[in-house]
Amino acid sequence: MDHDPTVAAVVDYCQTQARLLSGQAETLSAEIDAVLDEIDAEATALRERLDGATKHAESPEQPTNPGTPAVDEDAIEQLEARQSAVAQKQDRLDEIRDLSAGYADLADTLQTDDIDVTEAITEVLEFEAEHDAQAFFDERETLLETTADR
């Protein structure tokens, strides 16, 4: 932010934050898609092993009760853990998207309202405090953090 900020600079800051978050969302979405593809492949392989175990229920390599397929408990637990991790990432993705949309909306509001720069900065500070914005920027300091450091 400039040393002598303007409302336009505050709007630009909000738009930049929204774009950065949008980029984070795209990256996280791609990560989620990749993990889901891996989970699908692992689940398919597990189903195939279970189908094979059903056909060879009496095999010494796969001891089972008669009529019950061998279940790879570890593989199932790993799949469930990965699914849980994906759900957590999806929640984070939703939060990032919401915050990005919030910054974009705030930029639009600041641009259209007839306010001075002090009011604009105050609105951004309140927004960032309310949404815990600093938790979403690892490599960038938010305006709220900058003002808190002074």
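Look up a bit, the structure's there.
Parameters and conventions
- Residues numbered from 1 in each chain as written.
- Predicted model: local features only at pLDDT ≥ 70, side-chain atom pairs only at ≥ 80, totals over all residues.
- Heavy atoms only, no water.
- Helix = DSSP H or I, 4+ residues; strand = E, 2+ residues; numbered from the N terminus.
- Buried < 20%, exposed > 50% of the residue type's maximum accessible area, 1.4 Å probe, protein only.
- Contact = heavy atoms within 4.5 Å.
- Areas by Shrake-Rupley, 256 points an atom, 1.4 Å probe, with all protein chains shown as cover.
- Axes fitted to C-alpha atoms, helices over the stretch in contact; angles between N-to-C directions.
- Parallel < 35°, antiparallel > 145°, perpendicular 65-115°, else oblique.
- Left-handed = near helix turned anticlockwise from the far one by under 90°.
- Nonpolar A, V, L, I, M, F, W, Y, C, P; charged D, E, K, R; others polar.
- 1 Å grid on protein atoms, 1.4 Å probe; cavity = no way out; pocket = protein on both sides within 12 Å on 5 of 7 lines; lining within 4 Å.
- Points joined across faces, edges and corners; volume = space filled by probe spheres on them.

Participant: Can you lay out the overall build of the chain for me, pointing to particular residues and giving the numbers?
Facilitator: Within the chain one finds four helices and zero strands. Counting from the amino terminus, helix and strand elements in the chain follow one another as α-α-α-α. Looking at the chain residue by residue over its 150 residues, the buried ones come to 29%. A separation of at least 24 residues holds for 71% of the contacts in the chain among residues at least 6 apart in sequence. Total accessible area on the chain is roughly 9,600 Å²; 47% of this is exposed by carbon and sulfur atoms.

Participant: Mind laying out the side chain of Ser100, listing which residues take part and the relevant values?
Facilitator: Within the fold, Ser100 resides in helix H2 (residues 73-112). Overall, Ser100 belongs to the buried group, its relative accessible area being 12%. Ignoring anything within four residues of it in the chain, the contact list for Ser100 reads Ala18, Leu21 and Ser22.

Participant: With reference to specific residues and values, describe the packing of H2 against helix H3 (residues 117-131).
Facilitator: Between H2 and H3, the shortest axis-to-axis distance is 11 Å and the interhelical angle comes to 165°. Considered as vectors, H2 and H3 are oriented roughly antiparallel to each other. Every pair of crossing elements has a handedness; the one defined by H2 and H3 is right-handed. When H2 is examined against H3, the residues Leu99, Gly102, Tyr103, Leu106, Thr109 and Leu110 are found in contact with a partner set consisting of Ala120, Glu123, Val124, Phe127, Glu128 and His131. Taken together, the residues of the contact of H2 with H3 sort by class into seven nonpolar, three polar and two charged.

Participant: Can you tell me about the layout of surface pockets, naming the residues and giving the values?
Facilitator: Reported here for the second largest pocket is a volume of approximately 230 Å³. Forming the boundary of the second largest pocket are Leu20, Gln24, Leu28, Arg92, Ile96, Phe136, Phe137, Asp138, Glu139 and Arg140. Taken together, the elements giving at least two residues each to the lining of the second largest pocket come down to helix H1 (7-55) and H2. Here the lining of the second largest pocket gets three residues from one element, more than from any other, and that element is H1. A breakdown of the residues in the lining of the second largest pocket according to their chemical character gives five nonpolar, one polar and four charged.

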